[in-house]
Every structure is written in C-alpha cells, then in structure tokens.
Protein chains: 2
Amino acid sequence: MNINKESYLNDNLPFFKNLSEEEKTMIYNASHIEEYKLGELIYSKYKSCSGIVLVAKGQLRAFMSSLSGKEITLFRLFQNDICILSSSCVYQNLSYDINLQVEEDASLIIIDGKFFKEVLDRNLSVQNFMLEVTQNKLSEIMWVLEQVVFFSLEHRISDYLINEHYLKNSSEIYITHEAIANDLGSSREVISRMLKRFEKDNLIEMGRGYIKIVDIKGLKLLCK
Amino acid sequence: MNINKESYLNDNLPFFKNLSEEEKTMIYNASHIEEYKLGELIYSKYKSCSGIVLVAKGQLRAFMSSLSGKEITLFRLFQNDICILSSSCVYQNLSYDINLQVEEDASLIIIDGKFFKEVLDRNLSVQNFMLEVTQNKLSEIMWVLEQVVFFSLEHRISDYLINEHYLKNSSEIYITHEAIANDLGSSREVISRMLKRFEKDNLIEMGRGYIKIVDIKGLKLLCK
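With that settled, the discussion passes to the overall build of chain A. Within chain A, the regular secondary structure consists of eight helices and nine strands. Judged by the C-alpha coordinates and their principal axes, chain A covers about 65 × 35 × 30 Å. Taken over 224 residues, chain A has a buried fraction of 52%. The long-range share in chain A, meaning contacts at least 24 apart out of those at least 6 apart in sequence, stands at 69%. Element-wise, carbon and sulfur atoms account for 47% of the exposed surface of chain A, whose accessible area totals about 10800 Å². With 26 positive and 31 negative side-chain charges, chain A shows a separation of 5 Å between the mean positions of the two kinds.

Further remarks concern the side chain of Thr73 of chain A. Residue and element names in this part refer to chain A. With respect to the helices, strands and loops of the structure, Thr73 is situated in strand β4 (residues 71-77). Of note is the side chain of Thr73, whose polar atom sits 2.7 Å from the side chain of Arg61. A polar contact of 2.3 Å, which involves the side chain of Thr73, links it to the side chain of Asp183. Setting aside residues up to four positions removed in sequence, Thr73 forms contacts with Arg61, Ala62, Phe63, Val144, Asn182 and Asp183.

Let's shift gears to the relation of the copies chain B and chain A. Think of it as a corkscrew move, a rotation about one axis and a shift along it, taking one chain copy to the other. Rotating chain B by 180 degrees and translating it 0.0 Å along the rotation axis places it on chain A, where the RMSD comes to 0.0 Å. A rotation of that kind, with that shift, is consistent with a two-fold axis. Looking at chain B, 100% of its interface residues are interface residues in chain A too, so the copies touch through the same face.

All right, on to unusual backbone geometry then. Phi at Asn169 of chain A takes a positive value of approximately 55 degrees, unusual for a residue other than glycine. If you trace the backbone, Asn169 of chain A turns up in the loop between α5 (153-168) and β7 (172-174).

On to the side chain of Ser65 of chain A, then. Residue and element names in this part refer to chain A. Tracing the sequence through the fold places Ser65 in strand β3 (residues 52-65). By relative accessible area, which is 16% here, Ser65 ends up buried. A polar atom in the side chain of Ser65 sits 3.2 Å from the side chain of Asn99.

All right, on to the sheet that holds strand β8 (residues 204-207) of chain B then. Residue and element names in this part refer to chain B. Overall, antiparallel pairing links the three strands, which are arranged β7-β9-β8 in an open sheet. Both edges of this open sheet fall to β7 (172-174) and β8, since each of them pairs with a single strand only. This sheet shows a mean twist of 20 degrees between the axes of neighbouring strands, independent of strand direction. Bridge analysis of β7 against strand β9 (residues 210-213) gives three bridges, and the strand direction is antiparallel. Residue pairing for β9: Glu172 is matched across the bridge by Lys212. Packed onto the sheet, helix α7 (residues 188-200) meets β8 and β9 and runs at close to 125 degrees relative to β8.

Counting residues at the interface gives 41 residues for chain B, matched by 41 residues for chain A. Interface area for chain B against chain A, summed over the two sides, is near 3500 Å², with a carbon-plus-sulfur share of 73%. In terms of surface lost to chain A, no three residues of chain B exceed Leu138, Met142 and Phe150 of chain B, which account for 20% of the buried area on that side. One can count three residue pairs in polar contact (both at pLDDT 80 or more) joining chain B with chain A. Put simply, the parts of the chain that give the side of chain B that touches chain A at least two residues each are β3 (52-65), β4 (71-77), α3 (113-122) and α4 (124-150) of chain B. A per-element tally of the side of chain B that touches chain A places α4 of chain B first, with 20 residues. Grouping the constituent residues of the side of chain B that touches chain A by class yields 21 nonpolar, 13 polar and seven charged.

This part covers the nonpolar core. Ranked by size, the top nonpolar core spans 104 residues in total, and within it Leu60 and Leu145 of chain A together with Leu60 and Leu145 of chain B carry the most contacts. Among residues more than four places away in sequence, those in contact with Leu145 of chain A are Met64, Ile72, Leu74, Ile141, Val144, Leu145 and Val148 of chain B. Leu153, Tyr160, Leu161 and Leu203 of chain A belong to the second-largest nonpolar core, a separate cluster that totals 20 residues.

How each quantity is defined
- Residues numbered from 1 in each chain as written.
- Chains lettered and ligands numbered in written order.
- Predicted model: local features only at pLDDT ≥ 70, side-chain atom pairs only at ≥ 80, totals over all residues.
- Heavy atoms only, no water.
- Helix = DSSP H or I, 4+ residues; strand = E, 2+ residues; numbered from the N terminus.
- Buried < 20%, exposed > 50% of the residue type's maximum accessible area, 1.4 Å probe, protein only.
- Contact = heavy atoms within 4.5 Å.
- Areas by Shrake-Rupley, 256 points an atom, 1.4 Å probe, with all protein chains shown as cover.
- Lys, Arg positive; Asp, Glu negative; His and termini not counted.
- Charge placed at Lys NZ, Arg CZ, Asp CG, Glu CD.
- Polar contact = N/O pair within 3.5 Å; in protein donor to acceptor, adjacent residues only side chain to side chain.
- Least-squares fit on C-alpha atoms with pLDDT ≥ 70 in both.
- Pairing = 2+ DSSP bridges.
- Axes fitted to C-alpha atoms, helices over the stretch in contact; angles between N-to-C directions.
- Buried area = accessible area lost by both parts, 1.4 Å probe.
- Nonpolar A, V, L, I, M, F, W, Y, C, P; charged D, E, K, R; others polar.
- Core = buried A, V, L, I, M, F, W, Y, C linked by side-chain atoms within 4.5 Å.

Structure, rendered in structure tokens:
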C-alpha cells in the first residue's frame, strides 16, 4: 500500500494542524511505516516500547494474556485508529502488559515514543488528544470488566454470536472456538461445551470452522 | 475536622503552584468542603456530576454495580487521594457509571467540574496531571480485569485474606462475606461456600462477623 506519511499524519491526527512547523517536522521524522501480516505480534511484553501506532490499513487486536496462555481481548483497532497503550515510553505509569496482534494484513505508521513525548510535554493540543484517547480506552476497558463480572458466559457468547452475525451480515460465522475463548477471556473447553448446549437447544448448528445461527430470537432471549 | 482549603489545595494538587493567580482563585472559589458519614454514597449513576473529589480525610471505595445489585470494587481512595472519575462533566468521554461510597467518615474537597474543566483546557500542567491520574486509573482497572479473568476465585479470596491480614496486622479480620463478595465481584453465596471449604481445610476459622486466619502458609499455597 502506498501511504503518503505526511498527508496521513495531517488527516488523521486531530492535533497535527495545531503543531508548530518544527513540531510537525519532529513528528514526521520520528515516524516510519511498517507492514505486518495476519497473526504477527506487533507488540508484547517481550518487546520494548514500540511507540504510537497508527493503523493506516488493516485490523489489530489488543489483548491481555496470562502465564498459562489464557487471553482476553480489550479492544480492536481499525483503519485510522490509534494505539497509545503500546507505548510504555510515553505512558510511563502503565504497569501492565498488553499485546497487539494483526487480524488483517496491516500497514502501520509508528511514531517513536521518545519524540512523541517531547511534543506531548509541551503542546496543550497533543495533551488534550492523549487525555481524550486515554479516557476512551478507560471506558472500553470498564465495559469489558463489566461484561466479565456482571454477565454470565451464556449471555456473553450469545451476545458475541449476534454481534458477529450483524457485523458480517451472515448467519454463518467462520470462527474457531479458541478465537471466541480468547476474545471473551474463557477457555476453549468451556466455550465448546456451551456451544454444544446451544446446538442441542437448536439455537445454532456447528460445522468445520464455522457456526451457523439458526434461531437468532432464541439467542437474543439469552441476552435479556 | 478543620481544613484550610487554600493550603490543602496548595499542598495536594501538584499543579497548583503552576497556576496563575487568576486560575488559583478560580479553583479556590469553585471548591467547597463536604462531610460524609460511613456508608454514604457520594456519587452514583443517579447523581449528576459531582466534580473533582479530593479526600482530605477518610476512606472511599469506587465500584461498579449491576442492575441485580452485584458489585465490584475498582479502587479505594485514601487521605490526599483524588478522584476524577466521578466527574462526568470533566470526563466527557466516560460512558460508564461508577459509584463512590464512604468507608471511613470523610471530609472531602469538591472542585466544581465546570470550572475545573476551564482551567484544564488552557493549562498544560493541569492536563499533564489529569493524564497521569487517568493513566494510573487505567492501570488499576486493568489489574482488576486481570485478576477477574486469569485467576480462580479460590486464588483471589486467599489473596484477599492475606492482604487484609497484613494491612490490619491481625489474624482476625472483621468483615462480612457480602463485603468480600462486593470487592471481588462475586456473590455472597459463592464466597460463603468457598470460605466454608477453607474452614474445612483448616485454613481459617469463622466467627460472627470475623474470619480468623489459622494457616497463612496454606492460604499462600493457594495463590501460587
């Protein structure tokens, strides 16, 4: 993909137009394009600070993982989204580890964290932007916590299948049980057991690598 | 309690010394002292924006609650702590509801959200402070999520009892099963069942309103 870095930064960073020429040059020079393939890990606890990540193309998943390999998805990033949580050098107070993985081949613009922080520290408009993005992320993570604590897994799987159905505009959802488990912070065994119950109750049919929704009303009842 | 508002703001808001005289006066005039008793709700989804809350004395608990009355503690606030999440008028992007309740009689300094936001919007030092506090809160909430998703309830209750033991410096912990449930995002029934198992395994003894730790090494083994 051919990306014009300058026009991308200009179009997608709300604060860019408020930067001085010097600051614009600084951000421009401190950023570079990287291409990633499906499944690749962009950032993890084993990698050092990757800086600010802008998604020019593709789709990413941010998740937490446990030592035993369990995962939970925190949020997804789509075209023109920005990820600041992968930048521990900008976010000095973050004491946890997140992972960032490619779900659709991606072109990313990475802004070096150290240079970004220099601009951040002296520009009100950048501070304001960062505060807003951080507040949004806090909201999203509160939402995940709320789901995990207050809703049964039955409810959450139904909700998940219904969402996928509307997102993909299809009653056949191509997804593995493990992927659902990793999104919802559960284990593959538990998800498979629950899906089998859904199948027994004639809510879904399962095939090799896909789940077919046969009774969406029934699934919706489980989310009441 | 006699609180000198000006010296309190000066001593406990890291950005206060960087404000202009006009901004200092603005924050001073927009803040007032409120006294709260144990158990009182300072802020909830049914109350409008309460502004920035500074704890001059006492202890508060921030928690989320479900429609069915289930709760999970997000963090606690102690003397000189600040709560920004209760200020939806400053935090326009927060789309969830938290509750703030008094755990020890409290004297609070409340800064009106609207005025605070005016200073925030034009002062780099205040922005910087807010970003830092928000990052910290994000970390704390990620930690809660990690606990809930990746650790068994057995592990979490053991960990909870051990922490209380060290915090209170006593092997007798005066707490109800419901309070533990509300902290951990579980139900009283589930907590009681698990504590009975702990008692049967000679890890604890239970009395009226208290839990006595009899085998802390055994509890620690459950947290491995």
